[in-house]
Amino acid sequence: MRKTLPRRHFLATAAAGLALPWQLDAAAADAWPARAIRLVSPYGAGGSNDILTRVLGDFLGRRLGQSVVVENKAGAGTRIANDYVAKAAPDGYTLLHAAAPIAIGEALYKDLPYDVHKSFAAIGSTAIAPLFLVVNAQAPYKTLAEFVQYAKSNPKGATFGSPGAGSAPHLTAELLLRAAGAKGIVVQYRGDAPAYTELLAGRIDATLTAISTAVPHIQAGKLRVLGVANETRTPLYPDAPTLREQGLAQVVGYGWYGLLAPAGTPAPVVERLNAEINAAIADAEVRRKAEAAGLELRGGTAEAFSAFIGTETRKWAQIIKAANITAES
């Protein structure tokens, strides 16, 4: 004779089975971190993202009581690192120190192997790299208004130097030209150095760049700063007025960094990481090292960072379409 389970026992067992994944997540989150954490930089060693990644890794390691190992997975406009982390186990042991290109890839590339909106859990913003409008000190324009007037009166418009197609300086220059109602062209170089060479020689009119790169030339009297494309003035160079202050209210653009985890990472782990990242940003030594690398620390909630990425994605997709920018251009 077959023995049957009482209905009450069956329902209790089913409910326990349904709850089991949540219980396992909670247990894993309670024990986290129980081993070393991998923090992935989408760039090679030595750049501002790598520098800040290592500073944050050291800080987190001390706070969490586990080693935080930085791995550089450079290439393909950050897509290699992004894909690697998107496909990692969502257990809090693989994190991405994401950079601005992750928000423009959707508009630039077809068939991305990850979805910036669905493949990641936002942890928090870490820093921005403000972009300064810099011109040759011998140029006739000394203010943004004079530069815009030059661009409008010059038959060829203004010529900007950019470190690469689809980069933050490239897109911000395109945004500036459209906001000003001026003609112009953005010339692509392989990095900042060739663009500086052309600017110093007077063969291009302007560039949008990190202040740390420009300072030696500014101090030597060879370059002039006309403004910064931030929402507000930056402590990195407070004498530079924003482009907003000078009449181009919609021209805001910069490089940025923030922490992401694979989608599905337990909420308690994300919350703990967000708290620790904000603690790092409040730390005077972390701030000193970040500012030395030309970065302005940000911070904030995971929700705010997720919303920021969405805004960036939509904003730059419009510019990419309007300017007919392709990844190969």
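Residues numbered from 1 in each chain as written. Predicted model: local features only at pLDDT ≥ 70, side-chain atom pairs only at ≥ 80, totals over all residues. Heavy atoms only, no water.

**Concerning the overall build of the protein chain**
What the protein chain contains, in helices and strands, is 11 helices and 11 strands. The principal-axis extents of the C-alpha atoms in the protein chain amount to approximately 100 × 40 × 30 Å. Expressed as a percentage of contacts within the protein chain between residues at least 6 apart in sequence, the contacts between residues at least 24 apart total 78%. In the structure as shown, the protein chain presents an accessible area of about 15,600 Å², 54% of it carried by carbon and sulfur atoms. (Helix = DSSP H or I, 4+ residues; strand = E, 2+ residues; numbered from the N terminus. Contact = heavy atoms within 4.5 Å. Areas by Shrake-Rupley, 256 points an atom, 1.4 Å probe, with all protein chains shown as cover.)

**As for unusual backbone geometry**
Residues apart from glycine generally show negative phi values, whereas peptide bonds are mostly found in trans. Between W32 and P33 the backbone carries a cis peptide bond, its omega angle lying at -5 degrees. Looking at the secondary structure, you find P33 in the loop between α1 (7–31) and β1 (37–41). Phi at A76 is positive, roughly 60 degrees, even though this residue is not glycine. Here A76 lies in the loop between β2 (68–72) and α3 (79–86). Positioned with a positive phi, N324 is a non-glycine residue whose angle comes to about 55 degrees. Note that N324 resides in the segment after α11 (302–322).

**Section: the sheet that holds strand β4 (residues 120–130)**
If you walk across this open sheet you meet the six strands as β2-β1-β3-β10-β4-β11, and the pairing is mixed. Only two strands of the sheet have a single neighbouring strand rather than two, namely β2 and β11 (296–297). Relative to β11, β4 runs antiparallel, the two sharing two bridges. Residue pairing for β11: I128 is matched across the bridge by E296. Against the sheet, helix α2 (residues 48–64) touches β1, β2, β3 (94–99), β4, β10 (254–262) and β11, its axis set at about 160 degrees to β2. Strand contacts of helix α9 (residues 267–281): β3, β4, β10 and β11, with the helix running at about 15 degrees to β4, the strand carrying the most contacts. (Pairing = 2+ DSSP bridges. Axes fitted to C-alpha atoms, helices over the stretch in contact; angles between N-to-C directions.)

**A short note on the side chain of S162**
Mapped onto the fold, S162 is located in strand β6 (residues 158–162). Polar side-chain contacts of S162 include one of 3.1 Å to the backbone oxygen of G164. Setting aside chain neighbours within four positions, we find S162 in contact with S167, H170, V186, V187, Q188, Y189 and G191. (Polar contact = N/O pair within 3.5 Å; in protein donor to acceptor, adjacent residues only side chain to side chain.)

**Here's the deal with helix α10 (residues 284–292)**
Given 3.6 residues per helical turn, the α-helix brings residues three or four places apart onto the same face. Two or three places before E285, at the opening of α10, D283 has a side-chain oxygen 3.1 Å from that residue's backbone nitrogen. Immediately downstream of α10, the backbone of G294 shows phi near 80 degrees, a positive value.

**Looking at the environment of R298**
Its location among the elements puts R298 in the loop between β11 and α11. With relative accessibility at 32%, the residue R298 sits in the partly exposed group. Sequence separation between R298 and T78 is 220 residues; the distance between their C-alpha atoms is 21 Å. Those residues in contact with R298, other than ones at most four positions away along the chain, are S125, T126, A127, I128, E231, Y254 and I281. Within the structure, R298 has its side chain in polar contact with the side chain of E231 (distance 3.1 Å). (Buried < 20%, exposed > 50% of the residue type's maximum accessible area, 1.4 Å probe, protein only.)

**Side note on the pairing of strand β5 (residues 132–136)**
When you tally the buried positions in β5, you get five out of five residues, the bulk of the element. In the sheet, β5 pairs with strand β8 (residues 206–209) via four bridges, with the strands oriented antiparallel. Looking at β8, one finds that V134 is bridged to T207. Pairing geometry for β5 and strand β9 (residues 223–228), over five bridges, is antiparallel. For N136, the partnering residue across the bridge sits in β9 and is L223.

**Quick word on the nonpolar core**
Counting 33 residues, the largest nonpolar core has L133, F147, F160, L171, L176, L243 and L248 as the members making the most contacts within it. For this core, the elements supplying multiple residues, two or more each, are β5, α5 (144–153), β6, α6 (168–180), β8 and α11. With residues up to four places along the chain from it excluded, the contact list for F160 reads L133, F147, A173, L176, L177, I185, V186, V187, I204, A206, T207 and L208. Formed by 32 residues, the second largest nonpolar core is a distinct cluster that contains I37, L95, I123 and L297. (Core = buried A, V, L, I, M, F, W, Y, C linked by side-chain atoms within 4.5 Å.)

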